[in-house]
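Here is how the chains run, residue by residue.
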Amino acid sequence: MVTIKDIEIYSVSDLATARASPWASVSIIVRVVTGDGQVGYGGEAVPTLRVNQVVRAIEEVRRFMIGKDPFRIEYLFREWYKHEFYISRSFEAVTAYSAVDIALHDLLGKYLSAPIYQFMGGLVNEKIKAYANGWYNDCVTPDDFARKAKEVVSMGFRAMKFDPFGPYFDQMDEEGLEEAVERVRAVKEAVGKYVDILIETHGRFNVNTAIKMVKAMEQFNPLFIEEPVHPDLNFEGLAKIKAVAPGVRIAVGERIISVEEALQLLERGLVDVLQPDITNALGFTGMGRIRALTETYGIELAPHNAFGPVQHAATLQFDASTYNLLIQESFYEFWPPQWKRDIINNAIKLEDGYYRVPNRPGLGVDVNEKALTEMRFEGMEPFHEEEPVWVIKGRGRDTSNPELLI
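Residues numbered from 1 in each chain as written. Predicted model: local features only at pLDDT ≥ 70, side-chain atom pairs only at ≥ 80, totals over all residues. Heavy atoms only, no water.

Caption draft 1: Here's a closer look at the sheet that holds strand β3 (residues 39–45). Overall, antiparallel pairing links the 3 strands, which are arranged β1-β2-β3 in an open sheet. Strands at the two margins of the open sheet, each flanked by one partner only, are β1 (4–13) and β3. For this sheet, the mean inter-axis angle between neighbouring strands, taken without regard to orientation, is 20°. Bridging between strand β2 (residues 26–34) and β3 involves 5 bridges; their strand directions are antiparallel. The partner of Val33 across the bridge, within β3, is Val39. (Pairing = 2+ DSSP bridges. Helix = DSSP H or I, 4+ residues; strand = E, 2+ residues; numbered from the N terminus. Axes fitted to C-alpha atoms, helices over the stretch in contact; angles between N-to-C directions.)

Caption draft 2: Up close: the pairing of strand β6 (residues 196–200). Most of β6 is tucked away: 4 of the 5 residues are buried. Alignment of strand β5 (residues 159–162) against β6, held across 4 bridges, turns out to be parallel. Bridging from a neighbouring strand, Met160 pairs with Ile197 of β6. Read from β5 through helix α5 (residues 174–191) to β6, the crossover connection turns out right-handed. The pairing of β6 with strand β7 (residues 225–226) spans 2 bridges and is classified as parallel. Of the residues in β7, the one forming a bridge with Ile199 is Ile225. Read as a crossover between parallel neighbours, the route from β6 over helix α6 (residues 207–217) to β7 is right-handed. (Buried < 20%, exposed > 50% of the residue type's maximum accessible area, 1.4 Å probe, protein only. Right-handed = clockwise from strand over helix to strand, strands pointing away.)

Caption draft 3: Main features of the pattern of salt bridges. In the structure shown here, the tally under the stated rule is 26 salt bridges. Its salt-bridge partner being Glu8, residue Arg31 comes within 3.0 Å of it at the nearest N-O pair. Taken together, the residues Arg31 in strand β2 and Glu8 in strand β1 connect sequence positions 23 residues apart. Note on Glu8: relative accessible area 22%, which makes it partly exposed. A salt bridge links Arg360 to Asp366; the nearest nitrogen and oxygen atoms lie 3.0 Å apart. (Salt bridge = Lys/Arg side-chain N within 4 Å of Asp/Glu carboxyl O.)

Caption draft 4: A look at the packing of helix α9 (residues 283–297) against helix α10 (residues 309–320). For the pair α9 and α10, the least separation of the axes is 11 Å and the interaxial angle reads 35°. Considering the relative orientation of α9 and α10, their crossing is right-handed. Taken together, the residues of α10 that come into contact with α9 (itself represented by Phe284, Met287, Gly288 and Arg291) are Ala314, Gln317 and Phe318. A per-class count over the contact of α9 with α10 returns 4 nonpolar, 2 polar and 1 charged. (Left-handed = near helix turned anticlockwise from the far one by under 90°. Contact = heavy atoms within 4.5 Å. Nonpolar A, V, L, I, M, F, W, Y, C, P; charged D, E, K, R; others polar.)

Written as structure tokens, this is what we have:
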């Protein structure tokens, strides 16, 4: 019988070269090794200001997994669920298990000589429409946004998401809202009516501000507006937004860590598009269950996908077997350093705004083990007072202070 010999953990970064940006500076990748020498890769376990804590959580999963049959994936999840008492409440526990679950599916695909989508329901989508994210670093003025938006279109994208709200948090005054509207208008005019725009809010506003913002953005017919209110205001806040702007599609879900959280949003009719993230929604095991719920409620999926190339490959495998997929987020072309793409030998290419789903076994990509070794590090990602880790570089600064724009 094949058993798990070890689970290796790779925290990788370019911190030593000082090129890293907070939102893209670290990846945590796992390598499941079997007794007969086969390997499966998973990730990226989400490190956001929690690198060391997440690594420790993966070590706990490793302690449980060693010696187990890697192909009893559902059984392993239920057994770990029994032991990890707070898995439905702990982000660290969930992202750790998600990375391992992805690796187990990669391993199974390699043993079966089949891509993961074949045992997630089979091929539905041969190619996946993508929207660009991460492209608007250092954009401040409407002209900045318009110029870079045109560059994104020239790359082949026919959809793009961006956050036009600068440094505002909780509240936004009339001047700030007008600035945001002009940035969105500039992008819309630059790309034309046949390119979809999506508005990123990062869950940062209180309910009253979010209502004003959504009503102001309705004129641009965004494909969706993402996370307009703080996640802890989801139920009441989203209900109020839907009441005043029923024609605007609202997307949330990148922070949900259980199937139950997805159900609570869906059964209340609070979202039009759900955005679970395979790296913190229990991997393929959790995503399959969430997908079944969204089909039941007639909700489209647009999975969150921001952290790294292994996650990118895993998400495309999920997308390939997903009937109710709306569109797929991609940071792949816009991670500031090249090293993240090097981890999978830059194997995934955009073609006319779409990704072809790799049909090789498992995740469908080869992991560059030399790159994992060379980029390995210990520590934490950068902390920036002016820019939270969810901010695209140069977009969280106080634009009224010229000294912060240097």
